[in-house]
Structure formats: structure tokens, C-alpha cells
Amino acid sequence: MGKVTAGKEMLGDFAPQFAGFNDDVLFGEVWSREDKLAPRERSIVTVSALLSSGILDSSLKFHIQKAKDNGVTKEEMVKDMGRYDVVLIGFPIWWYVAPRIIQTFLESYDFSGKKISLFATSGMSGMGDTQEILRLSCPGAATWGAGRRFSESASESEINRWVGKSSF
Ligand SMILES: Cc1cc2nc3c(=O)[nH]c(=O)nc-3n(C[C@H](O)[C@H](O)[C@H](O)COP(=O)(O)O)c2cc1C
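Residues numbered from 1 in each chain as written. Predicted model: local features only at pLDDT ≥ 70, side-chain atom pairs only at ≥ 80, totals over all residues.

### Quick word on the site of the ligand
Test applied: Note on definitions: a residue is near a molecule or strand provided its C-beta atom, placed from the backbone, lies within 6 Å of it. Note on residue classes: Ala, Val, Leu, Ile, Met, Phe, Trp, Tyr, Cys and Pro are nonpolar, Asp, Glu, Lys and Arg are charged, and everything else, Gly too, is polar.
Neighbouring the ligand are the residues Gly54, Pro92, Ile93, Trp94, Trp95, Tyr96, Thr121, Ser122, Gly123, Met124, Ser125 and Glu152. Partitioned by chemical class, the residues of the shell around the ligand number 6 nonpolar, 5 polar and 1 charged.

Encoded structure:
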């Protein structure tokens, strides 16, 4: 694995000690122990942990790219996207739109001929221009379902009803 310098590049002037921990300890000493756990497996565990913790920020984007660099394939990240005709994509609204990682996800696969339906939770805002913005990341998708916004306190049955309607 090449030396990671992202911490120093992004935070070197502002928080040099933190940048040092990131580059020299986390990556330099922990990630570099390739004899204990191969980078590919370390990437799979890291991306899974970030996703299951709901961490959708730039660190997830960094680790998805790192996973690709470490040999994790698209097919391994979403097992056989070709099997699905309808793809439901859910996310929290952040600053009136979808978190950036949703664009990265859409840019990573070929959705030609599939139906994409978006759903989101938010404190107050609607979906705004979210669907129009996300369409730009996915020019090949054949059809888009009506997007649906749910409140933060939406019940499972409310969401299940929408899933039932959106799946065809
Ligand atoms: C960084 C950030 C930005 C947010 N921006 C909005 C917003 O623009 N409009 C809104 O109604 N809610 C906003 N929220 C509230 C989230 O949409 C809400 O917490 C989320 O839908 C609930 O899902 P969660 O429990 O997974 O966070 C924001 C939350 C965060 C953390």
C-alpha cells in the first residue's frame, strides 16, 4: 500500500497532530500490517462499518475509492446489480439534497433499463431538486419513479406501503 498523505494534505496546517495520527498511525502503522489482514479485506470491513453506522460523508467516498484500489470489484460491493429491475435508493436529506455519496453510487453502476425510485427522510424539507440533480449522475436510467419524502418519525409500515407501490 502506498503512503497515505490525505490527512496532511487536507488538515496539515490546521490540525497537524491529528493529520499525523491519520497518516502515520492509522494508515502508517495499522493499515500497513498487511501480513495480519490484507488491504482488500480491511477495505471490505471498513466500508461495511461506515455504511452500517450511517456514515455517508467524504470518508465513505475515500474508503470506497480505496476499496477499488485494493481490488474490491463493483460486483462485490453490490452483488450482481444486473439481477435487479427496480432499485430503491433511500437517504436522509442533507442541506436540501441527497448526501454526495448517493451521486457516487449512481455514477458507479449502469442503470440502463432499470427503474429507480428515491425515498428520503428529512426534518422538514421536501425532496426539492434532489431527483433532477441525481438524474445527472445517471443518464442511462430508463425510468424514474415518483420520489417520496418521509418524516423522521415515519413508521415501518408507512415505508413498506410505499415500497410495495414503487416496486412495479
Ligand atoms: C448534515 C445534516 C444536514 C441536514 N439537512 C437537512 C435539511 O436541509 N432539511 C431537513 O429537513 N432536514 C435536514 N437534516 C435532518 C435529516 O434529514 C434527518 O436527521 C434525517 O432524515 C433522519 O435520518 P437519520 O436518523 O438517519 O439521521 C439534516 C441533518 C444533517 C445531519
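### Regarding the domain arrangement of the chain
As a reminder, the rule being used: Annotation comment: domain bounds sourced from an automatic or database domain assignment. By the criterion used throughout, residues are in contact when their C-beta atoms, derived from the backbone, lie within 7 Å. Working definition: helices are DSSP H or I runs of at least four residues, strands are E runs of at least two. Numbering for both runs from the N terminus.
Each domain of the chain was delimited in the assignment, giving domain 1 (6-74) and domain 2 (78-166). Contact residues are listed per partner, giving 5 residues for domain 1 and 6 residues for domain 2. For the side of domain 1 that touches domain 2, the element with the most residues is helix 4 (residues 58-69), which contributes 3 residues. The class makeup of the residues in the side of domain 1 that touches domain 2 is 3 nonpolar, no polar and 2 charged.

### Some points on unusual backbone geometry
Basically, it comes down to this: Three exposure classes are used, all based on how many other C-beta atoms lie within 10 Å of a residue's own C-beta (placed from the backbone): buried at 20 or more, exposed at 12 or fewer, and partly exposed between those limits.
Here tryptophan 95, not a glycine, exhibits a phi torsion of approximately 50 degrees, which is positive. Relative to the helices and strands, tryptophan 95 is located in the loop between strand 1 (86-92) and helix 6 (100-107). Look at tyrosine 96: it is not a glycine, yet its phi comes out positive at around 70 degrees. Relative to the assigned elements, tyrosine 96 resides in the loop between strand 1 and helix 6. Residue tyrosine 96 is classed as partly exposed on the basis of its 13 C-beta neighbours within 10 Å.

### Details of the pairing of strand 2 (residues 115-122)
Applicable threshold: Here a strand pair is declared whenever DSSP counts at least two bridges between the two strands. Throughout, right-handed denotes a crossover for which the path from the first strand over the helix to the second runs clockwise when the strands point away from the viewer.
Inspection of the sheet shows strand 1 paired to strand 2 by 7 bridges, in the parallel sense. Its bridge partner lying in strand 2, phenylalanine 91 is registered against alanine 120. As for the winding sense of the linkage, the β-α-β connection from strand 1 through helix 6 to strand 2 is right-handed. Where strand 2 lies against strand 3 (residues 143-144), 2 bridges are found, and the strand directions are parallel. If you follow lysine 115 over to strand 3, its bridge partner there is threonine 143. Alignment of strand 2 against strand 4 (residues 148-151), held across 4 bridges, turns out to be parallel. Paired with phenylalanine 119 across the strands is arginine 148, a residue of strand 4.

### Focus: the confidence of the model for the chain
The condition is simple: The predictor rates its confidence in each residue with pLDDT, a number between 0 and 100.
Per-residue pLDDT for the chain averages 88, and the proportion of residues at 70 or more is 98%. Within the chain, the element-level pLDDT minimum falls on helix 5 (residues 74-77), averaging 79, and the maximum on strand 4, averaging 95.

### Considerations on helix 6
Selection rule: Directions drawn from the helix axis to the C-beta atoms are what define this arc.
Within helix 6 the residues assigned to the buried category are Ile102, Phe105 and Leu106. The arc that holds every buried residue of helix 6, seen down its axis, measures 95 degrees, which confines them to one face. Of the surrounding elements, those touching the buried residues of helix 6 are strand 1 and helix 7 (130-135).

### Digging into the nonpolar core
Convention followed: In these notes, a nonpolar core means any group of buried Ala, Val, Leu, Ile, Met, Phe, Trp, Tyr and Cys residues linked to one another through C-beta atoms within 7 Å.
One finds Ala98, Ile102, Leu106, Leu118, Ala120 and Leu134 to be the most contacted residues of the largest nonpolar core, which totals 13 residues. At the level of secondary structure, the elements contributing two or more residues to this core comprise helix 6 and strand 2. Looking at which element gives the most residues to this core, the answer is strand 2, with 4 residues. The residues touching alanine 120, leaving out its near neighbours within four places in the chain, are Gly90, Phe91, Pro92, Ile93, Ala98, Met127, Thr130 and Arg149.

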